[in-house]
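# Structure assessment
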Amino acid sequence: GLPVITSRAGGIPEMIDSQCGQMVEVEDETALTEAMIHFNPSSYDRQHIRQHGEFYRFEAVGKQLITLYRSVILSCQR
């Protein structure tokens, strides 16, 4: 339920939306410094962040992958 400051690296942009924190460009130290100076965690909805994070929990991602694999197997058997 805590907001974050992160960089646009790897799969992070797909997981973090603007309601969960701030994102800066990779290796942009100035933007990171500014984000840290002006970051106001109390302006974020912690409940939204918790609910958003549930989608990426280990168990949830595992269930999504199993569903995907089963759909691929079923389509190959047809």
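Heads up: these notes are all about the structure in this document. (Residues numbered from 1 in each chain as written. Predicted model: local features only at pLDDT ≥ 70, side-chain atom pairs only at ≥ 80, totals over all residues. Heavy atoms only, no water.)

## Notes on the environment of Ser 7
- Locating Ser 7 in the fold gives a position in strand E1 (residues 4-7).
- Ignoring sequence-local partners within four residues, the contact set of Ser 7 consists of Ile 12, Met 23, Val 24, Glu 25 and Val 26. (Helix = DSSP H or I, 4+ residues; strand = E, 2+ residues; numbered from the N terminus. Contact = heavy atoms within 4.5 Å.)

## A closer look at the pattern of salt bridges
- Summed over the entire model, instances satisfying the criterion amount to 3 salt bridges.
- Note that Arg 8 is salt-bridged to Glu 25, the shortest N-O span being 2.7 Å. Linking Arg 8 in the loop between E1 and helix H1 (12-15) with Glu 25 in the loop between strand E2 (21-24) and helix H2 (29-38), this pair joins segments that are 17 residues apart in sequence.
- Residue classification places Glu 25 among the partly exposed residues on the basis of a relative accessible area of 45%.
- Here Glu 54 makes a salt bridge to Arg 57, at a shortest N to O gap of 3.2 Å.
- Judged by its relative accessible area of 44%, Glu 54 falls in the partly exposed class.
- Arg 57 sits in the partly exposed class, given a relative accessible area of 38%.
- Among the charged side chains, a network of salt bridges with common partners joins Glu 54, Arg 57 and Glu 59. (Salt bridge = Lys/Arg side-chain N within 4 Å of Asp/Glu carboxyl O. Buried < 20%, exposed > 50% of the residue type's maximum accessible area, 1.4 Å probe, protein only.)

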